[in-house]
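# Inside the fold
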Amino acid sequence: MSDIGDWFKNIPFITRYWFAGSILVPLIGKLGLISPVYLVLWPDAFINKFQIWRPISSTLYFPVGPGTGFLYLVNLYFLYQYSTRLETGAFDGRPADYIFMLLFNWICIVITGLIMDMQLLMIPLIMSVLYVWAQLNRDMIVSFWFGTRFKACYLPWVILGFNYIIGGSIVNELIGNLVGHLYFFLMFKYPMDLGGRTLLSTPQFLYRFFPSRRGGVSGFGAPPPSRGHAADEQAGARGGRHNWGQGFQLGDN
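Here the structure is a predicted model, which is why all the values come from computation and not from measurement.

What counts and what doesn't
- Residues numbered from 1 in each chain as written.
- Predicted model: local features only at pLDDT ≥ 70, side-chain atom pairs only at ≥ 80, totals over all residues.
- Heavy atoms only, no water.
- Helix = DSSP H or I, 4+ residues; strand = E, 2+ residues; numbered from the N terminus.
- Contact = heavy atoms within 4.5 Å.
- 1 Å grid on protein atoms, 1.4 Å probe; cavity = no way out; pocket = protein on both sides within 12 Å on 5 of 7 lines; lining within 4 Å.
- Points joined across faces, edges and corners; volume = space filled by probe spheres on them.
- Nonpolar A, V, L, I, M, F, W, Y, C, P; charged D, E, K, R; others polar.
- Core = buried A, V, L, I, M, F, W, Y, C linked by side-chain atoms within 4.5 Å.
- Buried < 20%, exposed > 50% of the residue type's maximum accessible area, 1.4 Å probe, protein only.
- pLDDT = per-residue confidence, 0-100.
- Phe/Tyr/Trp six-rings, centres within 6.5 Å; stacked < 30°, edge-to-face > 60°.

Bringing the environment of Ile-11 into the picture now. Assignment of secondary structure puts Ile-11 in the loop between helix H1 (2-9) and helix H2 (13-31). When the C-alpha atoms of Ile-11 and Glu-87 are compared, they prove to be 9.8 Å apart, with 76 residues separating the residues in sequence. Not counting residues up to four positions away in its chain, the partners in contact with Ile-11 are Arg-16, Phe-19, Tyr-80 and Thr-84.

So this is what it looks like as structure tokens:
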């Protein structure tokens, strides 16, 4: 048990609470401590009955059963892996920026869920984070099941197909990918690569609650000369093989 405790304590703190909530809330629903009816996103209950907890609970809840258990565990693994890599990689020392990314993606997914009457939002949010990681490390080669290898930028779409095969919904993964692309485009692609205006930035109040842990200006600041170079350096720092999308630099054996 001490090994599990040490492992849990070593998870970056934002990912740690998200990961723990994604285990605790489904467990509460499974044990019947709270009826799953009150954990999913229902537009009428949220808007007309002011059950304001539903956008949060529906992001953490997943109906675990014989037909969905494997899908749940796979996505829980994706949450742990790719949220940890982002929090300790591109967002290292910038908890406010990472929280803002999660909040932006979550708000977009909640709005989409209300419009499309989606009851469960766990997978879209996880996929949005995975998509951002894949774009920031797009030229890395990743390994997937059965020894397949491809660039990281294709990973979200491979997982979309994989989750569909094992019982997921293309809609969930697709919305997650689109929301992740929206964040990536507004935060990185448009201002840094296309020379456009900064349309998305972390609110200053988040820096007061979650100050950056290293020197320099809080947030991403002015666009660097080349985002691709920075992403390549991050990719090199995380080289090495690993199943489920852990990448390594081109040319590694």
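For Asn-172, the position within the fold is in helix H9 (residues 170-193). In contact with Asn-172, other than residues within four places in its own chain, are Met-118, Leu-120, Ile-123 and Pro-124.

Time to look at the layout of surface pockets. Computed from the structure, the largest pocket encloses a volume of approximately 370 Å³. As for the largest pocket, its lining consists of 13 residues, of which Trp-18, Leu-60, Leu-102, Leu-103 and Leu-125 are closest to the centre. Where the lining of the largest pocket is concerned, the elements lending two or more residues are H2, helix H4 (54-60) and helix H6 (95-116). A class-by-class count of the residues in the lining of the largest pocket yields twelve nonpolar, one polar and no charged.

As a further point, take the nonpolar core. Burial of nonpolar side chains together is a common tendency in soluble globular proteins. Core analysis: the largest hydrophobic core is formed by 64 residues, its most contacted members being Trp-18, Leu-86, Tyr-98, Met-101, Trp-133, Leu-155 and Tyr-183. For this core, the secondary-structure elements that each account for two or more residues are H2, helix H5 (69-88), H6, helix H7 (122-136), helix H8 (155-165), H9 and helix H10 (204-209). Here this core gets eleven residues from one element, more than from any other, and that element is H7. The residues contacting Leu-86, other than those within four sequence positions of it, are Phe-91, Asp-92, Tyr-98, Met-101, Val-129, Val-132, Trp-133 and Leu-136.

A few words now on the confidence of the model for the protein chain. Scored by pLDDT, the protein chain comes out at a mean of 84, with 83% of its residues at no less than 70. Scored below 50 in pLDDT, residues 215-253 shows 84 contacts in the model against residues more than four places distant or in partner chains.

We now examine the packing of aromatic side chains. Scanning the entire structure with this criterion turns up 15 aromatic pairs. Here Trp-7 and Tyr-80 contribute two aromatic rings whose centre-to-centre distance is 5.4 Å and whose plane-to-plane angle is 50°, an arrangement assigned as tilted. Remark: Tyr-80 occurs in helix H5 and Trp-7 occurs in helix H1; sequence separation between them is 73 residues. Centre to centre, the rings of Phe-78 and Tyr-82 are 6.2 Å apart; their planes meet at 55°, and the pair counts as tilted. In this pair, Phe-78 and Tyr-82 both sit in helix H5, four residues apart, roughly one turn of the helix. Across the pair, Tyr-82 and Phe-78 agree in class, each one buried.

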